[in-house]
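Fold and contact review
These are the residues of each chain, in order.
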Amino acid sequence: MGKTAFVFPGQGAQYIGMGKDFYEREAISREVFDKAGQITGLDLPAICFEENEKLDVTEYTQIAMVTVETAILKVLEEKGLKPDVTAGLSLGEYAAIVAAGAMEMEEAFAVVRRRGVYMQEAVPEGGAMAAVLGLENSVIEEVCSRTEGIVTVANYNCPGQLVITGQADAVNRAGETLKEKGARRVVPLNVSGPFHSQMHTCAGERLRKDLDRVHLKEFSIPYVANLTADYVTSPEKIRELLERQLTSPVKWQQSVERMLGDGVDTFLEIGPGRTVSGFVKKISKQA
């Protein structure tokens, strides 16, 4: 029998009503929402469940996503389900690190809340991301390098899908060029900032100061990081990885391939939507 991975989606997967079923049915999920609310001072059930404009704003999206993911995770743990490895896509890394036992959820909530604020303040209006479908990685990388302004690869999601990030006008120009080069589609993403670009350098520096105060523990479950697409063995390494994650590409395809190579054949997506599951199926039809 193969191994199982718990995987957590990132920003962009959010929707009104996410996590409501768990909140209403599971006492432990309500406790997670209550704890996150106490730590952040936010009405998270209102942000997650009621029609509002906050959910798609970075400083609220991030804490809402990690709250929902942790609320679901705790139900699975209560029922005795345990993975062989964890990984998270971008923001989802925080829930993955909690699941791996290296960070308490309370500290994750506090750091993620500030992370969202720092990233919102770094680029309050401006910046964009777009998914590029049906084009070779090397072509996308070359177009980005030749486009005027800031535009780079943000995510290696799966074969035939990369995400680009940077200044809005540069992302748009690169997108038009990529269509001319044969991209099947270039799809703007539902995010409020240019994540994983150099435009978030100052946010990463501010975040590192908070991460330095977080108490980290030994991993009880192996964890694969976005930055390296490999297992992290030292909890202290987490600080550097989470800081650099803000300005570096997410190697999701490579991370999944690393886990597949280590015998993982079942991936359980914990959080809203099916984004990560879709990527996994495109990376391996047997998973």
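Structure: above.
Report follows, based on the coordinates. Note that the structure is predicted; figures quoted are calculated from it, not measured. (Residues numbered from 1 in each chain as written. Predicted model: local features only at pLDDT ≥ 70, side-chain atom pairs only at ≥ 80, totals over all residues. Heavy atoms only, no water.)

Considerations on the overall build of the chain
What the chain contains, in helices and strands, is 12 helices and 7 strands. In terms of overall size, the chain behaves like a compact globule, its C-alpha atoms giving a radius of gyration of 18 Å where 287 residues would be expected to give roughly 19 Å. Projecting the C-alpha coordinates of the chain onto the three principal axes gives extents of approximately 50 × 45 × 35 Å. By residue count, 55% of the 287 residues in the chain fall in the buried class. Partitioning the contacts of the chain with sequence separation of at least 6, the portion at a separation of at least 24 is 76%. The chain carries 32 positive and 40 negative side-chain charges, and their two centres are separated by 3 Å. (Helix = DSSP H or I, 4+ residues; strand = E, 2+ residues; numbered from the N terminus. Rg over C-alpha atoms; globule rule 2.2 N^0.38 Å. Buried < 20%, exposed > 50% of the residue type's maximum accessible area, 1.4 Å probe, protein only. Contact = heavy atoms within 4.5 Å. Lys, Arg positive; Asp, Glu negative; His and termini not counted. Charge placed at Lys NZ, Arg CZ, Asp CG, Glu CD.)

A short note on helix H7 (residues 137-146)
Among all positions of H7, only Ile140, Val143 and Cys144 are buried. Taken around the axis of H7, the buried residues stretch over an arc of 100 degrees, which confines them to a single face. More than 90 degrees from the buried face of H7, the exposed residues found are Ser145 and Arg146. The secondary structure elements touched by the buried residues of H7 are strand E3 (128-133), strand E4 (151-158), strand E5 (161-166) and helix H8 (168-180). (Arc of directions from axis to C-beta.)

Here's the deal with the pattern of salt bridges
Following the criterion strictly, the structure yields 16 salt bridges and no others. Its salt-bridge partner being Asp169, residue Arg173 comes within 3.7 Å of it at the nearest N-O pair. In this pair, Arg173 and Asp169 both sit in helix H8, 4 residues apart, roughly one turn of the helix. Arg173 gets classed as partly exposed once you look at its relative accessible area, which sits at 35%. Its salt-bridge partner being Arg213, residue Asp210 comes within 2.5 Å of it at the nearest N-O pair. Counted as one network, the salt bridges with shared partners bring together Arg114, Asp210 and Arg213. (Salt bridge = Lys/Arg side-chain N within 4 Å of Asp/Glu carboxyl O.)

Describing the nonpolar core
Generally speaking, a soluble globular protein has its nonpolar side chains buried in company with each other. Formed by 62 residues in total, the largest nonpolar core has its most connected members in Phe8, Leu44, Tyr94 and Tyr223. Counting residues per element, this core draws most heavily on helix H4 (residues 58-78), which supplies 10 residues. Ala130, Val153, Leu178 and Val186 belong to the second largest nonpolar core, which has 18 residues in total. (Core = buried A, V, L, I, M, F, W, Y, C linked by side-chain atoms within 4.5 Å.)

Here we look at helix H2 (residues 27-40)
With 14 residues, H2 ought to run about 20 Å at 1.5 Å a step, and its terminal C-alpha atoms sit 20 Å apart, in line with that. For H2, the complete set of buried residues consists of Ile28, Ser29, Val32, Phe33, Ala36, Gly37 and Thr40. Buried residues along H2 sit in contact with helix H1 (20-25), helix H3 (44-49), H4 and helix H6 (105-122). (Expected span 1.5 Å × (residues − 1).)

Observations concerning the environment of Gln62
Tracing the chain through its elements places Gln62 in helix H4. Setting aside residues up to four positions removed in sequence, Gln62 forms contacts with Gln11, Leu91, Val112, Arg115, Gly116 and Met119. A distance of 3.1 Å separates polar atoms of two side chains, one belonging to Gln62 and the other to Gln11. (Polar contact = N/O pair within 3.5 Å; in protein donor to acceptor, adjacent residues only side chain to side chain.)

Things to note about the side chain of Ser255
If you trace the backbone, Ser255 turns up in helix H11 (residues 252-261). For Ser255, a relative accessible area of 0% corresponds to the buried category. Sequence-distant contacts of Ser255, that is, excluding residues within four places in its chain, are made with Val224, Ala225, Asn226 and Ala229.

Side note on the packing of aromatic side chains
In this structure the tally under the stated criterion is 4 aromatic pairs. Ring geometry for Phe33 against Phe49: centres 5.5 Å apart, planes inclined by 45 degrees, an arrangement best described as tilted. A residue pair is termed long-range when its members are at least 10 positions apart, and Phe33 in helix H2 and Phe49 in helix H3 qualify at 16 residues. Like Phe49, Phe33 is buried. One aromatic cluster is present, formed by Tyr23, Phe33 and Phe49 through successive ring pairs. (Phe/Tyr/Trp six-rings, centres within 6.5 Å; stacked < 30°, edge-to-face > 60°.)

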